[in-house]
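Understanding the architecture of this molecule
The lines below spell out each chain.
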Amino acid sequence: MNSICLVEDEQKVAAFICKGLEEHGYKVTTAGTGSAAKNLLKGEAFDLLILDVMLPDTNGIELCRQVRLTDTDTPILMLTALDQIQNKVSGLKAGADDYLVKPFHFSELLARIEALLRRKTANAKTEEHVFTFEDLKLDTWSNIVERAGVPITLTAKEYTLLELFMRHPNKILSREYIAEQVWKIDFDTGTNFIDVYINYLRKKIEKGFKNKLIHTVIGMGYILRANK
Ligand code: CA
């Protein structure tokens, strides 16, 4: 199921889009402000973002620019009530992939979303199979993991966990997101198995090295980043 983050402050419009997309099998999470959207995006990765240009605390173009600082892959569709070429140009310059002027027919929105997701899938098929971060390397074809050229043996779950971090470097991954992606389950706050696995993984990839790679972000989750 493709997940979509919809950032739209007009509740009627948000409800209309949300209902329509859910009927077409999408999982939709909505945010009414730029700051709510930023919080959502910190903890979760989406397959596509829909950003309204006019938001109470920021504008969608600025939000798009900020998202693109750390995320260059997720397709972004901008919505605006203003049929102004300038908005379109600014939105696309800020890294949006497509643009839709309100009011629009739902079928138009759906067609744009499907096209963006198809393009994303096509890109994913040709994507690099080797991920590197600092001196860490993970090859998704051979499943070989190395740090500074030294092979590291991981269990299947540790490998999947590391791959998730390597695919989202410099991004905070919440325990909820990790549980869903690696274990395919809903996270139960009463358990600490994710922390346990993170520690297993840390021991294997950090032992004997000066630089830590996986960092705890208190209250938020974990992040793969260089220790600088
Ligand atoms: Ca708006």
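One structure accompanies this document, and this report is about it. (Residues numbered from 1 in each chain as written. Predicted model: local features only at pLDDT ≥ 70, side-chain atom pairs only at ≥ 80, totals over all residues. Heavy atoms only, no water.)

Strands sit in the order β6-β7-β8-β9 across an open sheet of four strands; the sheet is antiparallel. The two strands at the open ends of the sheet, each matched to only one other strand, are β6 (130-133) and β9 (150-152). Ignoring strand direction, the axes of neighbouring strands in this sheet form an average angle of 25°. Inspection of the sheet shows strand β7 (residues 136-139) paired to strand β8 (residues 144-147) by four bridges, in the antiparallel sense. What sits directly across from L136, in β8, is R147. (Pairing = 2+ DSSP bridges. Helix = DSSP H or I, 4+ residues; strand = E, 2+ residues; numbered from the N terminus. Axes fitted to C-alpha atoms, helices over the stretch in contact; angles between N-to-C directions.)

Now for the packing of aromatic side chains. Counting across every chain of the model gives four aromatic pairs. Where Y197 meets Y200, the ring centres are 5.4 Å apart and the plane angle is 80°; that geometry is what we call edge-to-face. You can see Y197 and its partner Y200 sitting in helix α8 (residues 193-206), three residues apart, about one turn around the helix. Among the aromatic residues, those joined into a ring-pair cluster are W183, F193, Y197 and Y200. The ring of F209 has R147 lying over it, and the distance from NZ or CZ to the ring centre is 4.2 Å. (Phe/Tyr/Trp six-rings, centres within 6.5 Å; stacked < 30°, edge-to-face > 60°. Lys NZ or Arg CZ within 6 Å of the ring centre and 35° of its normal.)

The protein atoms that coordinate the calcium ion are D9 (OD), D52 (OD) and M54 (O), at distances of 2.0 to 2.3 Å. Here the donor residues of the calcium ion share one chain and are spaced in sequence as D-x42-D-x1-M. Note that D9 is positioned in the loop between β1 (3-7) and α1 (11-23) and D52 in strand β3 (residues 48-52), a separation of 43 residues in sequence. With relative accessibility at 31%, the residue D9 sits in the partly exposed group. (Donors = N, O, S within 2.8 Å, 3.2 Å for Na, K, Ca; no water. Buried < 20%, exposed > 50% of the residue type's maximum accessible area, 1.4 Å probe, protein only.)

The full count for this structure, using the stated rule, is 14 salt bridges. Here E23 ties to K19 by a salt bridge, and the two come within 3.2 Å at their closest N and O atoms. Taken together, the residues span about one helical turn, with E23 and K19 both in helix α1 at a distance of four residues. Here E23 matches K19 in class, with each residue exposed. A salt bridge links E163 to R167; the shortest N-O distance between them is 2.8 Å. (Salt bridge = Lys/Arg side-chain N within 4 Å of Asp/Glu carboxyl O.)

One open sheet accounts for five strands, arranged β2-β1-β3-β4-β5; its pairing is parallel. Edge positions in the open sheet fall to β2 (27-31) and β5 (98-101), since each of these has one partner strand only. Direction aside, the axes of adjacent strands within the sheet are offset by 20° on average. Alignment of β3 against strand β4 (residues 76-80), held across four bridges, turns out to be parallel.

L162, F165 and I178 are the most contacted members of the largest nonpolar core, which has 29 residues in total. Secondary structure elements with two or more residues in this core: β6, β7, α6 (156-167), α7 (175-183), α8 and β11 (221-224). Ranked by the residues each element gives to this core, the list is headed by α6, at six residues. Dropping the residues within four chain positions of it, F165 is found in contact with L173, I178, I198, I214, Y222, I223 and L224. By size, the runner-up hydrophobic cluster in this structure holds 21 residues, among which are I50, L77, L79 and F106. (Core = buried A, V, L, I, M, F, W, Y, C linked by side-chain atoms within 4.5 Å. Contact = heavy atoms within 4.5 Å.)

A turn of α-helix holds 3.6 residues, and therefore any two residues three or four places apart point the same way. Of all the positions in helix α3 (residues 60-70), only G60, I61, L63, C64, V67 and R68 are classed as buried. The arc that holds the buried residues of α3, viewed along the axis, is 155°, so those residues lie on one side. Facing away from the buried side of α3 by more than 90 degrees, the exposed set consists of L69 and T70. The backbone nitrogen of I61 has a side-chain oxygen 2.9 Å away, supplied by the residue at the start of α3, namely N59. (Arc of directions from axis to C-beta. Polar contact = N/O pair within 3.5 Å; in protein donor to acceptor, adjacent residues only side chain to side chain.)

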